[in-house]
Amino acid sequence: MPAALPLPAPNDAMREFHFSDADFRGLVELAYQYAGIALADSKRNLVYSRLSRRLRALGLRTFAEYRTYLDETDAERENFINAISTNLTKFFRESHHFDHFRDHVAVPYARNKAGGRLRIWSAGCSSGEEPHTIAMVLKREIRDVERQDVRILATDIDTEMVARGTRGEYPSSSLEEVPRPYHEYFERSATKADNLVVARAVRSLIAFKRLNLMETWPFKGPFDAIFCRNVMIYFDAPTKANLIDRFTAMIRPGGFLYIGHSESLNGVHPGISLVGRTIYRRTA
Ligand SMILES: C[S@@+](CC[C@H](N)C(=O)[O-])C[C@H]1O[C@@H](n2cnc3c(N)ncnc32)[C@H](O)[C@@H]1O
């Protein structure tokens, strides 16, 4: 069989919509301004393909027209951010974090603090697999957790993701990501045969909200643990450093910050120290 010819990389002449350097630069600038997302030159095709859908939906013919529309229509900002954000996630992703969280947060709470306040924040929660994992770990260690003062705040800039997390409904294939002892927290969906819904006792621990991490945070904390994983990879170094300082100020002394595997912090951040693989503890 003859070898398949490699597909040529798309160039501007082959594209459905005219997409100039100025268009790309302008959109990169907006992504940074609105969401702190730093898009590298290598993301040019990704930006084109994700936003082409918006042009088709709006009946526009060029990216220049789209930029004007975006400039004049506040509501389009949300669609723009939803289109360019990367939402890849799964249950029990980077599972060593959940082992640590179980041993250093959930189990000590069950032993010593039952009845006390416990607050967790999943910042950049995407479609909800991360906060639902946190909630399942808590439910397994603290059997009557839904009657305790235990809450998880789950936030994301992407409104479609926040809506999906709130529904708590996932394809049944997601169960492959979930260790067996946690399967009991999934129920068959009443509306879609091949879907599962996270059990109410687990879902009830979580409040999903839309929040842009670049803006003012409308709460004071303190949190016993913050998960902000695979979010800061999209930010540049100064944005990331600033965010780490803001997270540190929101964690109670002794509380934990969990970050993604490729996000380890460069330099020293006052008030937190490394205590495990991509796990930091508020010291003072
Ligand atoms: C790759 S997902 C990570 C999901 C989850 N934390 C995990 O590790 O599996 C990154 C998420 O960060 C969100 N995000 C990006 N920029 C944001 C911002 N400025 N404020 C809040 N969320 C943001 C995206 O919408 C996306 O859902």
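Keep in mind the model is a prediction, meaning the values are calculated, not measured.

Another point: the pairing of strand S5 (residues 195-198). Burial of S5 is two-sided: the residues Asn 195 and Val 197 facing one way and the residues Leu 196 and Val 198 facing the other way are all buried. Pairing geometry for strand S3 (residues 169-171) and S5, over 3 bridges, is antiparallel. Residue Glu 169 lies in a different strand from S5, and its bridge partner there is Val 197. One ladder, built from 3 bridges, connects strand S4 (residues 186-188) with S5; its direction is antiparallel. Looking at S5, one finds that Glu 187 is bridged to Val 197. Hairpin connection from S4 to S5: 6 residues lie between these consecutive antiparallel strands.

So, about the site of the ligand. Every one of the 22 residues lining the ligand counts as a neighbour, but Thr 89, Arg 93, Gly 124, Asp 156 and Asn 230 are closest to it. In this structure, Ala 35 approaches the ligand through a main-chain N or O atom, which is 2.8 Å from a nitrogen atom. Within the side chain of Thr 89, one N or O atom sits 2.6 Å away from an oxygen atom of the ligand. A class-by-class count of the residues in the shell around the ligand yields 9 nonpolar, 8 polar and 5 charged.

The strands making up a sheet associate through backbone hydrogen bonding, with each pair oriented either parallel or antiparallel. If you walk across this open sheet you meet the 7 strands as S6-S2-S1-S7-S8-S10-S9, and the pairing is mixed. Of all strands in the sheet, those with a lone pairing partner are strand S6 (206-210) and strand S9 (272-276), marking the two edges. The average angle at which neighbouring strand axes cross in this sheet is 20°, direction not considered. Of the strand pairs in this sheet, strand S1 (residues 117-123) and strand S7 (residues 223-228) are connected by 3 bridges, and their pairing is parallel. Bridge pairing in S7 places Ile 120 opposite Ala 225. Together, S1, strand S2 (149-156), S7, strand S8 (251-259), S9 and strand S10 (279-282) form the strand contacts of helix H5 (residues 96-113), whose direction differs from that of S8 by roughly 155°. Relative to S8, helix H9 (residues 237-250) is tilted by about 140°, and along the sheet it contacts S1, S7, S8, S9 and S10.

What follows is about helix H2 (residues 44-58). Because each turn of an α-helix spans 3.6 residues, side chains separated by three or four positions end up pointing in the same direction. Its 15 residues place the ends of H2 21 Å apart at the C-alpha level, agreeing with the 21 Å of an ideal helix rising 1.5 Å per residue. Along H2, the sharpest change in direction is near 30° and occurs at Leu 51. Those residues of H2 lying buried are Arg 44, Val 47, Tyr 48, Arg 50, Leu 51, Ser 52, Arg 54 and Leu 55. Residues of H2 that are buried in the fold lie against helix H1 (21-35), helix H3 (63-72) and helix H4 (74-84). One or two positions beyond H2, positive phi appears at Gly 59, with a value near 70°.

By domain assignment, the protein chain separates into domain 1 (12-84) and domain 2 (96-282). When each unit is reduced to the centre of its C-alpha atoms, the spacing between domain 1 and domain 2 is 31 Å. Opposite the 9 residues of domain 1 that make contact, domain 2 presents 10 residues. For the domain 1 and domain 2 pair, buried surface summed over both sides reaches about 800 Å², with 48% attributable to carbon and sulfur atoms. Put simply, domain 1 and domain 2 have 0 salt bridges between them. On the surface where domain 1 and domain 2 come into contact, there are 6 residue pairs in polar contact (both at pLDDT 80 or more). When residues of the side of domain 1 that touches domain 2 are traced back to their parent elements, those giving at least two are H1 and H4.

Quick look at the environment of Met 214 now. Within the element layout of this structure, Met 214 appears in the loop between S6 and S7. A relative accessible area of 28% means that Met 214 is categorised as partly exposed. Sequence separation between Met 214 and Asn 242 is 28 residues; the distance between their C-alpha atoms is 9.7 Å. Setting aside residues up to four positions removed in sequence, Met 214 forms contacts with Ala 35, Gly 36, Phe 235, Thr 239 and Arg 246.

Further remarks concern the pattern of salt bridges. What the rule picks out here adds up to 13 salt bridges. Measuring nitrogen to oxygen at the nearest pair gives 3.6 Å for the salt bridge that ties Asp 99 to Arg 102. Here the residue Asp 99 and the residue Arg 102 both occupy positions in helix H5, the gap between them amounting to 3 residues, near one helical turn. In this structure Asp 99 comes out as partly exposed when scored by relative accessible area, which is 37%. One network of salt bridges, with partners in common, ties together Asp 99, Arg 102 and Asp 103.

Now for the sheet that holds S4. Here 3 strands make up an open sheet; going across it, the order is S3-S5-S4 and the pairing antiparallel. In this open sheet, the two edge strands, each paired with only one partner strand, are S3 and S4. Between one strand and the next, the sheet's axes are offset by a mean angle of 40°, whatever the strand orientation.

Parameters at a glance
Residues numbered from 1 in each chain as written. Predicted model: local features only at pLDDT ≥ 70, side-chain atom pairs only at ≥ 80, totals over all residues. Heavy atoms only, no water. Buried < 20%, exposed > 50% of the residue type's maximum accessible area, 1.4 Å probe, protein only. Helix = DSSP H or I, 4+ residues; strand = E, 2+ residues; numbered from the N terminus. Pairing = 2+ DSSP bridges. Near = heavy atom within 4 Å. Polar contact = N/O pair within 3.5 Å; in protein donor to acceptor, adjacent residues only side chain to side chain. Nonpolar A, V, L, I, M, F, W, Y, C, P; charged D, E, K, R; others polar. Axes fitted to C-alpha atoms, helices over the stretch in contact; angles between N-to-C directions. Contact = heavy atoms within 4.5 Å. Expected span 1.5 Å × (residues − 1). Bend = angle between axes of the 7 residues up to and from the residue. Domains from an automatic or database assignment. Buried area = accessible area lost by both parts, 1.4 Å probe. Salt bridge = Lys/Arg side-chain N within 4 Å of Asp/Glu carboxyl O.

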